[in-house]
There are 2 protein chains.
Amino acid sequence: MATVASAKSRRTASRETRRRQLIDATLKCIARKGMGNTTLGDVAREAGLSQGIVNLHFESKDNLLTETLRTLANEYREQFDKTLEKSGPDPAGALLALVQMDLKPKLIDRQKLAIWFAFWGEVKSRPTYRKICDEYDRYYDSVITGLCAEVIADGAYANVTPEAAAEALTSMTNGLWLSCLISPREWDRQVAMDAIMSYLSNVFPRHYETTR
Amino acid sequence: MATVASAKSRRTASRETRRRQLIDATLKCIARKGMGNTTLGDVAREAGLSQGIVNLHFESKDNLLTETLRTLANEYREQFDKTLEKSGPDPAGALLALVQMDLKPKLIDRQKLAIWFAFWGEVKSRPTYRKICDEYDRYYDSVITGLCAEVIADGAYANVTPEAAAEALTSMTNGLWLSCLISPREWDRQVAMDAIMSYLSNVFPRHYETTR
DNA sequence: ATAATCTGAATGAATACTCATTCATTTTTT
DNA sequence: AAAAAATGAATGAGTATTCATTCAGATTAT
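Computed from a predicted model, the values in this text were never measured in an experiment. (Residues numbered from 1 in each chain as written. Chains lettered and ligands numbered in written order. Predicted model: local features only at pLDDT ≥ 70, side-chain atom pairs only at ≥ 80, totals over all residues. Heavy atoms only, no water.)

1. Structural notes on the overall build of chain A
Phase 1: Each helix and strand counted, chain A has nine helices and zero strands in total.
Phase 2: Helices and strands in chain A line up, N terminus first, as α-α-α-α-α-α-α-α-α.
Phase 3: With the C-alpha coordinates of chain A rotated into their principal frame, the extents come out at 60 × 45 × 35 Å.
Phase 4: The buried share of chain A, taken over its 212 residues, is 51%.
Phase 5: Across chain A, every contact between residues at least 6 apart in sequence was considered, and the portion connecting residues at least 24 apart equals 69%.
Phase 6: Approximately 10,600 Å² of chain A is accessible, and the part contributed by carbon and sulfur atoms is 50%. (Helix = DSSP H or I, 4+ residues; strand = E, 2+ residues; numbered from the N terminus. Buried < 20%, exposed > 50% of the residue type's maximum accessible area, 1.4 Å probe, protein only. Contact = heavy atoms within 4.5 Å. Areas by Shrake-Rupley, 256 points an atom, 1.4 Å probe, with all protein chains shown as cover.)

In structure tokens form, the structure reads like this:
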């Protein structure tokens, strides 16, 4: 019983702990009730804390939401980087690992998608959200374009540019998320994966053998 | 002055006219301020009418928003059907016309996209929105899957199923819309079209000649 | 060791404000 | 004159934010 550092009955916690706790509560509330119907009272209740707690730790609701988006985006980026790292030096393998990541049930469930779309839905009227998303997307785009360029060079493919291939692949995964959100019953991971593989195996045939 | 049915100074209008006017105002407000910050006062002001007007013609805000989504969806469907009709009997041509439609500046500008994403952002917490979107999507999916099946049969393509190709194409256009929303500066219709053509010309090479 | 003091995290009632909805009144049409 | 349409002030429910107060744990003094 020695090294239990944070006793569970502790009434006060460090600033960072509370902020994280509140952000987690916010994510849950947005997934359940949507962005518009999530009140600070909801967030506090979900976190098991008191009414005024959010304004104590974040100064405003606006702030809380922005930080929540940042946290969400960071989490995705960590997954992205981890996937990239684990996949070794082969660019074709890395590309496949990345698109497969986007369909992993653990990472992308309907809860998470609802949260992403909730933020995307406000992008036009909240420039800050747009900027944050753009910043991260720019990075993913550069990585994926780079991988496509390597594959194209390696296979001497003359039928596609790295930019077009990257745009096609990232757009496809984002679009597949929308299908999952709107038709959860019908939506099928296998069909989604088939769609992506139909691209890879036809555009880069010497790198992605069709198993059909 | 006899046959001027709708004089411009007319202060009262038919129910349908007013409803349409209010829905148009709602669309503008959502594009400008976002779903969450659009109030009934905003809508009334945008329409140049009085505070209580929305509740007079729609019974509630909820109702107004649902009807607005239906109108938006109908408008898109009309475009879809018109495009299909105009494109003649060739399935490959129809498919191309449909994906090109999705990138037409007239049809798809950032205003419209913002509205679509605003509704999609609420899909998870508002089952009605989901149902409406699903209903329309099911139709588009069936049409596009059918066209893909025809192209596949005609070209004897063994490398892809109609379902996978349809899913790939519709997902790609939806995903391209997200790019347009998030990176409006960078986003380029030509690159978007290249991405789609990289799919068509590689998966259905005997139907879509690469002009490169 | 014990008591006294301090600190800042947390509370939750009070405040100020927004906004959907209602409705008595006015205006327009028939 | 009666009916229909529209107005816009009033209502009240809901909610972000504030703040005086409480309290657990750390620090200091005895």
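Having seen the model, we can carry on.
2. Brief notes about the protein's contact with DNA strand D
Phase 1: Taken together, 19 residues lie near DNA strand D, and A:L40, A:K61, B:R18, B:S50 and B:H57 sit nearest.
Phase 2: Within 4 Å of the protein, atoms of DNA strand D come from sugar and phosphate in 68% of cases.
Phase 3: Between A:N55 and DNA strand D, the recorded distance is 3.4 Å, taken from a side-chain N or O atom to a phosphate oxygen.
Phase 4: One nitrogen or oxygen atom from the side chain of B:R18 is found 2.8 Å from a phosphate oxygen belonging to DNA strand D.
Phase 5: Here the element with the most residues in the surface near DNA strand D is helix α3 (residues 53-57) of chain B; it accounts for three residues. (Near = heavy atom within 4 Å. Polar contact = N/O pair within 3.5 Å; in protein donor to acceptor, adjacent residues only side chain to side chain.)

3. Here we look at the nonpolar core
Phase 1: Residues A:W120, A:Y199, A:F204, B:W120, B:Y199 and B:F204 are the most contacted members of the largest nonpolar core, which totals 150 residues.
Phase 2: Aside from chain neighbours lying at most four places away, what touches B:W120 is A:F117, A:L178, A:L181, A:I182, B:C133, B:N174 and B:W177. (Core = buried A, V, L, I, M, F, W, Y, C linked by side-chain atoms within 4.5 Å.)

4. Here's the deal with the interface of chain A and chain B
Phase 1: On the side of chain B, 49 residues touch chain A, which itself brings 49 residues to the contact.
Phase 2: Counting each side, the surface lost to burial between chain A and chain B is near 4,100 Å², with a carbon and sulfur contribution of 58%.
Phase 3: On the chain A side of the interface with chain B, the three residues burying the most area are A:K124, A:I182 and A:N202, jointly 17% of the side's total.
Phase 4: Among the salt bridges present, the one from B:R138 reaches A:E186, with a minimum N-O distance of 3.3 Å. (Buried area = accessible area lost by both parts, 1.4 Å probe. Salt bridge = Lys/Arg side-chain N within 4 Å of Asp/Glu carboxyl O.)

5. Section: the packing of helix α4 (residues 61-86) of chain B against helix α5 (residues 91-101) of chain B
The relative placement of two packed helices comes down to the angle between their axes together with the axis-to-axis distance.
Residues and elements named next belong to chain B.
Phase 1: Between α4 and α5, the least distance of the axes is 9 Å, while the angle of their chain directions is 150°. Crossing of α4 against α5: the hand is right-handed. Counting all contacts with α4, which are made through Y76, Q79, F80, T83 and L84, the residues of α5 involved are A94, A97, L98 and M101. (Axes fitted to C-alpha atoms, helices over the stretch in contact; angles between N-to-C directions. Left-handed = near helix turned anticlockwise from the far one by under 90°.)

6. What to know about helix α4 (residues 61-86) of chain A
Residues and elements named next belong to chain A.
Phase 1: Relative to the 38 Å expected for 26 residues at 1.5 Å per residue, α4 spans 38 Å between its end C-alpha atoms, a close match to the ideal helical length.
Phase 2: Turning to α4, its buried residues number three or more, namely L64, L65, T66, T68, L69, T71, L72, A73, Y76, F80 and T83.
Phase 3: Positive phi shows up at G88, right after α4, with a value of about 75°. (Expected span 1.5 Å × (residues − 1).)

7. As for the domain arrangement of chain A
All names here are of chain A.
Phase 1: What the domain assignment lists for chain A is domain 1 (13-59) and domain 2 (61-203).
Phase 2: Between domain 1 and domain 2, the C-alpha centre-to-centre distance is 28 Å.
Phase 3: Summed over both sides, the interface between domain 1 and domain 2 buries roughly 1,400 Å², with carbon and sulfur atoms accounting for 74% of that surface.
Phase 4: Here domain 1 is connected to domain 2 by two salt bridges. (Domains from an automatic or database assignment.)

8. A few points about the relation of the copies chain A and chain B
Phase 1: Least-squares fitting of chain A to chain B yields an RMSD of 0.1 Å, with the superposition described by an axial translation of 0.0 Å and a rotation of 180°. The symmetry that links the two subunits is that of a two-fold axis. (Least-squares fit on C-alpha atoms with pLDDT ≥ 70 in both.)

9. Focus on the pattern of salt bridges
All names here are of chain A.
Phase 1: Evaluated as defined, the whole model comprises 32 salt bridges over all chains.
Phase 2: The salt bridge involving E46 is made with K28; its shortest N-O contact spans 3.9 Å. Remark: K28 occurs in helix α1 (residues 15-33) and E46 occurs in helix α2 (residues 40-47); sequence separation between them is 18 residues.
Phase 3: Through salt bridges with shared partners, a single ionic network connects E16, R19, E67 and R70.

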